[in-house]
Amino acid sequence: MTISLEVSEGVGTIRLDRPPMNALDIETQDALRELAHEATDRTDVRTVVLYGGEKVFAAGADIKEMQVMDHAAMVARSRGLQDAFTAVARIPKPVVAAITGYALGGGCELALCADYRIAAENAKLGQPEILLGLIPGAGGTQRLSRLIGPSRAKDLIFTGRMVKAEEALSLGLVDRLVPAEKVYEEAHAWAARLAQGPSIALRAAKECVDAGLEADIDTGLAIERNWFAGLFATEDRERGMRSFVEEGPGKAKFV
């Protein structure tokens, strides 16, 4: 297998394993989509880590595989490519990317599907597709511009340049830098902490933010309002409020 899902402490790790650079070929893309659906459906998976191993996150698509494809072949394939990444972006649970080494092209686009990104201090990220006479095709033109703003996204997409970890942090492309040997440990700890939280409320928070970004403010507020009121029907809300009143904040045990 070029990709797997391993579960520990409520954390599901989607691990890329296609040496040497975790190139995202069609087989890996399809497996990624299936594992994203599995992580969505499994009740023992409460949060997710995206990880490519100690040396590299993912250096992009399999260029040799794409080189032999003509226009008709890519028309037929491009939806499947996007669907694989969209399945990750729509996992209704907190998702963190643990970025080591290169996260380029499709690798950067995969990291963009996460809710939070922890990167190694020596990581390099970018969208180099323009250097091949192409543009990002797995969501990069859309998710990158929404994350860091259109002008910064255009700079990276137009030039195809790689950015080092410090610049990626300053751009908002990643959220935290840690020593390379600590990346997975820190990402797993972030996910494990949230795995102990109120899962329905976390799902609600993610949906409100993501759906609200795609809508006008009034629609976003309606989404928030409906989820907010709906959470009053959950046992976790009862536990959380009772614990707050009786024990103070931050001590609730959720189901």
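Residues numbered from 1 in each chain as written. Predicted model: local features only at pLDDT ≥ 70, side-chain atom pairs only at ≥ 80, totals over all residues. Heavy atoms only, no water.

Q: Account for unusual backbone geometry, with residues named and values stated.
A: Looking along the chain, the bond that leaves Pro 19 and enters Pro 20 is cis, with omega of 0°. Mapped onto the elements, Pro 20 comes out in the loop between strand 2 (11-16) and helix 1 (26-41). Even without glycine at this site, Glu 9 takes up a positive phi of about 55°. One non-glycine residue, Asn 22, lies in positive phi territory at about 55°. Along the chain, Asn 22 turns up in the loop between strand 2 and helix 1. Here Asn 22 falls in the buried class, since its relative accessible area comes to 4%. (Helix = DSSP H or I, 4+ residues; strand = E, 2+ residues; numbered from the N terminus. Buried < 20%, exposed > 50% of the residue type's maximum accessible area, 1.4 Å probe, protein only.)

Q: Quick rundown of the packing of helix 9 (residues 199-213) against helix 10 (residues 217-230)? Include the residues and the values.
A: Packing of helix 9 against helix 10 leaves a shortest axis separation of 9 Å and a crossing angle of 170°. Comparing the axis directions of helix 9 and helix 10 gives the class roughly antiparallel. Contacts between helix 9 and helix 10 involve Ile 200, Ala 204, Glu 207, Cys 208, Ala 211 and Gly 212 on the former and, on the latter, Gly 220, Ile 223, Glu 224 and Trp 227. Split by residue class, the contact of helix 9 with helix 10 holds six nonpolar, two polar and two charged. (Axes fitted to C-alpha atoms, helices over the stretch in contact; angles between N-to-C directions. Parallel < 35°, antiparallel > 145°, perpendicular 65-115°, else oblique. Contact = heavy atoms within 4.5 Å. Nonpolar A, V, L, I, M, F, W, Y, C, P; charged D, E, K, R; others polar.)

Q: Account for the nonpolar core, naming residues and giving values.
A: Core analysis: the biggest nonpolar cluster contains 61 residues, and Leu 50, Phe 57, Ile 99, Leu 125 and Leu 173 have the highest contact counts within it. Examining the composition of this core, we find that six residues originate from one element, helix 3 (residues 71-89), more than from any other. Apart from residues no more than four positions distant in its own chain, Leu 125 is found in contact with Ile 99, Ala 103, Leu 104, Arg 161, Met 162, Val 163, Ala 168, Leu 173 and Val 174. (Core = buried A, V, L, I, M, F, W, Y, C linked by side-chain atoms within 4.5 Å.)

Q: Go over the sheet that holds strand 9 (residues 176-178) with me, naming the residues and quoting the values.
A: Taking strand neighbours across the sheet as the criterion, the six strands line up as 1-2-3-4-6-9 in an open arrangement whose pairing is mixed. At either margin of the open sheet sits one strand with a lone partner, and together these are strand 1 (3-8) and strand 9. Shown here is a sheet whose adjacent strand axes are inclined to one another by a mean of 20°, direction ignored. Pairing between strand 3 (residues 47-51) and strand 4 (residues 95-99): four bridges, direction parallel. By the bridge assignment for strand 4, Tyr 51 is matched with Ala 98. With respect to the sheet, helix 8 (residues 183-195) is in contact with strand 1, strand 2, strand 3, strand 4, strand 6 (116-120) and strand 9, its orientation differing from that of strand 3 by roughly 165°. (Pairing = 2+ DSSP bridges.)

Q: Account for the pairing of strand 2, naming residues and giving values.
A: Working note: regular strand, side chains alternate between the two faces of the sheet. A large share of strand 2 lies buried, amounting to five of its six residues. Where strand 1 and strand 2 come together, six bridges link them in antiparallel fashion. Counted as the bridge partner of Ile 3 is Leu 16 from strand 2. Where strand 1 folds back on strand 2, the antiparallel hairpin that results is connected by two residues, among which Glu 9 adopts a positive phi of roughly 55°. As paired strands, strand 2 and strand 3 are joined by five bridges and run parallel to one another. Note on strand 3: the bridge partner recorded for Thr 13 is Val 49. The handedness of the strand 2 to strand 3 crossover, carried by helix 1, is right-handed. (Right-handed = clockwise from strand over helix to strand, strands pointing away.)

Q: Talk me through a nonpolar patch on the surface; I want residue IDs and the actual numbers.
A: A contiguous nonpolar patch, built from Met 21, Tyr 102 and Met 162 and spanning about 250 Å² of accessible area, is present on the exposed surface. You can see Met 162 is positioned in strand 8 (residues 162-164). (Patch = residues over 30% accessible without salt bridge, like charges linked within 9 Å, V, L, I, M, F, W, Y side chains within 5 Å. Areas by Shrake-Rupley, 256 points an atom, 1.4 Å probe, with all protein chains shown as cover. Salt bridge = Lys/Arg side-chain N within 4 Å of Asp/Glu carboxyl O.)

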